[in-house]
Amino acid sequence: MKKRVGVIPGDGIGPEVIGEAVKVIEAASQAFGVELELTRFDWGAEKYLREGITLPDGAVEMFQKEYDAILAGAFGDPRVKDNKHAHDILLGLRFRLDLYVNLRPVKLLDEKLTPLKGRTMTDIDFVIFRENTEGAYVNVGGVFKTGTKDEIAVQEEIHTRHGVERIIRAAFDYAREHKRKRVTLVDKANVMRYGHDLWQRTFFELAQGYPEIEVSHQFVDSMALLMVLNPDQWDVVVTNNMFGDILSDLGAALTGGLGLAPSGNIHPGRVSLFEPVHGTAPALAGKNVANPIGATLTAAMMLEYLGYRQAALAIEAAVVSAIHAGAVTQDLRGSLSTTEAGDAIAVRVRDR
Ligand code: ATP
């Protein structure tokens, strides 16, 4: 049965890199008989400035009822000062579709991409499960005596048993399914003594249901150090919303930079949203220079989620082959444009 995918290219380099990801999906569709119906939505800064519309009424319900996945680019525009449209579209979908897993692989595809001396592909290959609906991102708090010398600002983190349990369970289930050896919890329970202690208690309790999987724990400061010193220690890392955001950027740096990093915002079993980790990169927009690999690997993640594992593996192999051949954009010291780099991947998917 045909799967339905909503495509929202967005702003900045979003449309350019998503255009290439769609090109690669089409190549995979031909090569592997992947049956997808892609529907494009023009939501983003232009539409907001023109019509005042961010996420249209009924969009969330439409995705819930009629779609299997969403492929999004990036949102943000210097002309929209508070980036209201980005907030409404991206955070709106993340929260209202209850996409509680932010899955961010940290996988080195070629030795020459890592800044870590002597590290190889087998050393850097883990996934980060970032909680995506709670923590510091709930916008609970306020300010008092604003703009005075006595100003007080309070910003709360929210951690619920339900929210913590389901992301930890998702991490363990993933480890079991993908034959990963170890799950590591990252928190700062020595300082955030109530909220992060809830994570620790829940983690070690749930771990009992997965006796074949090793468990370990790191405080976030130590994890930042060890991701650089011993990247080979990690398999599956589970953490809260803010620490996942920060550590996955560090992970992107270990594997070649933001231009390569994919991510999925997932509610297992429901319509889920896939987007590259990078943002709109305004300085690169419209120049046909952005790296399409992050968006392309994101499309591969989406295909895997939709059950097309062969096609997903073929896209990853095509990306690896293009990188080996130096058929890449300037950020990876290549000389190709965005469209040429997309072609180099698409052709390899077709000729697999
Ligand atoms: P936003 O505010 O939308 O997050 P930003 O420019 O602050 O945009 P990113 O878009 O994440 O943040 O990019 C930060 C920098 O990383 C860019 O300026 C660019 O140098 C580099 N970068 C990000 N994505 C890519 C890409 N796809 N190709 C090449 N370089 C990229």
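Shown above is the structure to which this text applies.
The structure displayed is predicted, hence computed values, not measured ones.

1. What to know about the sheet that holds strand 5 (residues 125-131)
Strands sit in the order 2-1-3-12-11-4-5-10-8-9 across an open sheet of ten strands; the sheet is mixed. One side of each edge strand has no neighbouring strand; the edge strands of this open sheet are strand 2 (36-40) and strand 9 (214-219). The sheet shows a mean angle of 25° between the axes of neighbouring strands, direction not considered. By the bridge criterion, four bridges tie strand 5 to strand 10 (residues 236-239) in an arrangement that is parallel. Across the sheet, Phe 129 pairs through a bridge with Val 238, a residue of strand 10.

2. A closer look at the environment of Thr 338
Counting through the fold element by element, Thr 338 comes out in helix 11 (residues 338-350). Residue Thr 338 is classed as buried on the basis of its relative accessible area, which comes to 1%. When the C-alpha positions of Thr 338 and Val 289 are compared, they lie 5.1 Å apart, and in sequence the two are 49 residues distant. Sequence-distant contacts of Thr 338, defined by excluding residues within four places in its chain, comprise Glu 16, Glu 20, Asn 288, Val 289, Ala 290, Pro 292 and Thr 329. A polar side-chain atom of Thr 338 sits 3.1 Å from the main-chain amide nitrogen of Val 289.

3. With respect to the nonpolar core
One finds Phe 129, Ile 168, Val 183, Val 238, Ile 293 and Leu 303 to be the most contacted residues of the largest nonpolar core, which totals 85 residues. With sequence-adjacent residues up to four places away left out, Val 183 is seen in contact with Ala 171, Phe 172, Ala 175, Phe 203, Ile 213, Glu 214, Val 215, Ser 216, Val 236 and Val 238. The next biggest cluster of nonpolar side chains, apart from the first, holds 19 residues, and it includes Ile 8, Phe 63, Ile 70 and Leu 97.

4. Things to note about the site of the ligand
All residues adjacent to the ligand are Ile 13, Leu 258, Gly 259, His 278, Gly 279, Thr 280, Ala 281, Pro 282, Leu 284, Ala 290, Asn 291 and Asp 331. With respect to the ligand, the backbone of Gly 279 contributes an N or O atom lying 2.8 Å from an oxygen atom. At a separation of 2.9 Å, a nitrogen atom of the ligand approaches a polar backbone atom of Asn 291. Protein chains bury 60% of the 600 Å² of accessible surface belonging to the ligand in isolation.

5. Remarks on unusual backbone geometry
The backbone of Asp 98 sits at a positive phi, close to 55°, despite the residue not being glycine. Its location among the elements puts Asp 98 in the loop between helix 4 (84-96) and strand 4 (101-107).

6. Let's talk about the packing of aromatic side chains
Scanning the model with the defined rule gives ten aromatic pairs in all. Centre to centre, the rings of Phe 172 and Tyr 210 are 4.8 Å apart; their planes meet at 15°, and the pair counts as stacked. Of the two residues, Phe 172 sits in helix 5 (residues 161-177) while Tyr 210 sits in the loop between helix 6 (195-207) and strand 9, which places them 38 residues apart along the sequence. Here Tyr 210 falls in the buried class, since its relative accessible area comes to 6%. Aromatic pair Phe 274 and Tyr 305: ring centres 5.5 Å apart, planes at 50°, arrangement tilted. Of this pair, Phe 274 sits in strand 12 (residues 272-274) while Tyr 305 sits in helix 9 (residues 293-305), and the two are 31 residues apart along the sequence. Three or more aromatic residues joined by ring pairs form one cluster here, namely Phe 41, Trp 43, Phe 63 and Tyr 67. The ring of Tyr 67 carries Arg 4 above its face, with NZ or CZ at 4.6 Å from the centroid.

Reading the values: rules and limits
Residues numbered from 1 in each chain as written. Predicted model: local features only at pLDDT ≥ 70, side-chain atom pairs only at ≥ 80, totals over all residues. Heavy atoms only, no water. Pairing = 2+ DSSP bridges. Helix = DSSP H or I, 4+ residues; strand = E, 2+ residues; numbered from the N terminus. Axes fitted to C-alpha atoms, helices over the stretch in contact; angles between N-to-C directions. Buried < 20%, exposed > 50% of the residue type's maximum accessible area, 1.4 Å probe, protein only. Contact = heavy atoms within 4.5 Å. Polar contact = N/O pair within 3.5 Å; in protein donor to acceptor, adjacent residues only side chain to side chain. Core = buried A, V, L, I, M, F, W, Y, C linked by side-chain atoms within 4.5 Å. Near = heavy atom within 4 Å. Areas by Shrake-Rupley, 256 points an atom, 1.4 Å probe, with all protein chains shown as cover. Phe/Tyr/Trp six-rings, centres within 6.5 Å; stacked < 30°, edge-to-face > 60°. Lys NZ or Arg CZ within 6 Å of the ring centre and 35° of its normal.

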